[in-house]
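# Summary of structural features
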Amino acid sequence: MKPISNAAVLARFGYALSDPTRAEILMNLAKTPQYPADLATELGVSRQSISNHLSCLRDCGLAVAIAEGRRARYELAHPDLAHALNDLLGVVLLTSEGHVPHP
């Protein structure tokens, strides 16, 4: 199997962040692991939509599902991703005119 290039890995990360709902999911998971139903309620989207976005995030290697009986709890695939997401957000906000930060 051919190794994946650094550029391909970054492109996959960029694809995951290219959708606002997926970006919101990642920022929520950076705070604490969550269940899909709770994410759907918090973000105001359907459970089917959350399921599709979580599948994408799993496929991109950014989120993992932890089985808990009949439910699955989602968390970031690696703890350092939370730090990386916050750093990236900070840098991007520096260049975003007119942005009003949210807590």
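Every value quoted in this text rests on a predicted model; they were computed, and no experiment measured them.

### Observations concerning the environment of A30
As for its placement among the helices and strands, A30 is situated in helix α2 (residues 20–31). By relative accessible area, which is 23% here, A30 ends up partly exposed.

### As for the side chain of R22
Note that R22 resides in helix α2. Buried and without a salt bridge, R22 has D19 as its closest oppositely charged side chain, separated by 4.4 Å. Within the structure, R22 has its side chain in polar contact with the backbone oxygen of Y15 (distance 3.1 Å). Discounting chain neighbours no more than four positions away, the residues touching R22 are Y15, A16, H53, C56 and L57.

### Brief notes about the pairing of strand β1 (residues 63–68)
Pairing of β1 with strand β2 (residues 71–76), which is carried by six bridges, proceeds in the antiparallel orientation. Bridging from a neighbouring strand, E68 pairs with R71 of β2. Remark: two residues form the turn of the hairpin made by β1 and β2, two consecutive strands paired antiparallel; G69 in that turn has positive phi of roughly 65°.

### Re the environment of A8
Within the element layout of this structure, A8 appears in helix α1 (residues 6–17). Exposure remark for A8: the relative accessible area of 35% places this residue in the partly exposed category. Between the alpha carbons of A8 and S18 there is a distance of 15 Å; along the sequence they are 10 residues apart.

Rules used in this analysis
Residues numbered from 1 in each chain as written. Predicted model: local features only at pLDDT ≥ 70, side-chain atom pairs only at ≥ 80, totals over all residues. Heavy atoms only, no water. Helix = DSSP H or I, 4+ residues; strand = E, 2+ residues; numbered from the N terminus. Buried < 20%, exposed > 50% of the residue type's maximum accessible area, 1.4 Å probe, protein only. Lys, Arg positive; Asp, Glu negative; His and termini not counted. Salt bridge = Lys/Arg side-chain N within 4 Å of Asp/Glu carboxyl O. Polar contact = N/O pair within 3.5 Å; in protein donor to acceptor, adjacent residues only side chain to side chain. Contact = heavy atoms within 4.5 Å. Pairing = 2+ DSSP bridges.

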